[in-house]
Amino acid sequence: MGERKRDSKEFKQEAVRLAKEPDRSVLQVAQGLGISDSALHRWMREFEGQGGAAFPGHGKQVLTPEQAEIKRLQRELDIARQERDVLKKAVAFFAREQ
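Conventions used here
- Residue positions are given per chain, counting from 1 as you read along its sequence in written order.
- Owing to the predicted nature of the model, reporting of local features is limited to residues with pLDDT of at least 70; listing and counting of side-chain atom pairs is limited to 80 or more, with chain, interface and lining totals taken over all residues.
- Only heavy atoms go into the side-chain values, all of them from the structure, while hydrogens and water stay out.
- The working definition used for a salt bridge is a side-chain nitrogen of Lys or Arg within 4 Å of a carboxyl oxygen of Asp or Glu.
- Secondary structure elements follow DSSP: runs of H or I no shorter than four residues count as helices, runs of E no shorter than two count as strands, and numbering proceeds from the N terminus.
- Relative accessibility thresholds used throughout: buried, under 20% of the residue-type maximum; exposed, over 50%; partly exposed, between the two (1.4 Å probe, protein chains only).
- Here an axis means a line fitted to C-alpha atoms, over the contact stretch when the element is a helix, while the angle between two N-to-C directions is reported on a 0 to 180 degree scale.
- With respect to orientation, any angle under 35 degrees is reported as roughly parallel, any angle over 145 as roughly antiparallel, any angle of 65 to 115 as roughly perpendicular, and every other angle as oblique.
- Here is the rule for handedness: rotate from the far helix to the near one, and if that takes an anticlockwise turn smaller than a right angle the crossing is left-handed, while a clockwise turn gives right-handed.
- The contact criterion used is simple: two residues touch if any of their non-hydrogen atoms lie within 4.5 Å.
- Only Asp, Glu, Lys and Arg are considered charged in this grouping, and only Ala, Val, Leu, Ile, Met, Phe, Trp, Tyr, Cys and Pro are considered nonpolar; every other residue, Gly among them, is considered polar.
- Here the positive residues are Lys and Arg and the negative ones are Asp and Glu; neither His nor the chain ends is included.
- Only Phe, Tyr and Trp rings are paired, with Trp represented by its six-membered ring, and only when their centres lie within 6.5 Å; those with planes under 30 degrees apart are stacked, over 60 edge-to-face, the remainder tilted.

The name given to the chain in an unreviewed UniProt entry is Transposase, with Deinococcus reticulitermitis as the source organism.

Next up, the structure:
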């Protein structure tokens, strides 16, 4: 199995810019660049949704402060749930001993 091709942020942005030109279709641009039209459509959706924050590279998400806070709170909630489950088991264990 071959290694996955990774395109740079600049390449993706240029591809999206070319696809938005009125005299070219997405399929033409994709074929000209040697990529699939579905990948180009996905890049266009991502660019429209995130703008300059699109295509961060290497799987690193660029989070807004609100998204970062939500992620932190979700981690904190997961830890609290795990602690609660351990305490429930401990209470059940000690209740059986009496």
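A. Fine view of the pattern of salt bridges. Applying the stated criterion across every chain yields a total of 6 salt bridges. The salt bridge partner of Arg72 is Glu69, with a shortest N-O separation of 2.8 Å. Note that Arg72 and Glu69 are positioned in helix α4 (residues 65-97) at a spacing of 3 residues, about one turn of the helix. For Arg72, a relative accessible area of 35% corresponds to the partly exposed category.

B. Focus on the packing of helix α2 (residues 26-33) against helix α3 (residues 37-50). α3 packs onto α2 with a crossing angle of 115° between their chain directions and a minimal axis gap of 9 Å. Compared by their axis directions, α2 and α3 come out roughly perpendicular. The hand of the α2/α3 crossing is right-handed. When α2 is examined against α3, the residues Val26, Leu27, Val29 and Ala30 are found in contact with a partner set consisting of Asp37, Leu40, His41 and Met44. Its residues assigned to classes, the contact of α2 with α3 shows 6 nonpolar, 1 polar and 1 charged.

C. Quick look at the side chain of Lys12. For Lys12, the location among the structural elements is in helix α1 (residues 9-20). Lacking a salt bridge, the buried Lys12 has Glu46 as its closest oppositely charged neighbour, with an N-O distance of 5.9 Å. In contact with Lys12, not counting residues within four places along its chain, are Asp7, Trp43 and Phe55.

D. Looking closely at the packing of aromatic side chains. The tally for this structure, following the rule as stated, stands at 2 aromatic pairs. Ring geometry for Phe11 against Trp43: centres 6.1 Å apart, planes inclined by 85°, an arrangement best described as edge-to-face. A residue pair is termed long-range when its members are at least 10 positions apart, and Phe11 in helix α1 and Trp43 in helix α3 qualify at 32 residues. Note on Phe11: relative accessible area 25%, which makes it partly exposed. Measuring from centroid to centroid gives 5.3 Å for Phe93 and Phe94, while their planes differ by 75°, and the two rings are edge-to-face. A residue is classified by how much of its surface remains accessible, and Phe93, at 41% relative accessible area, is partly exposed.

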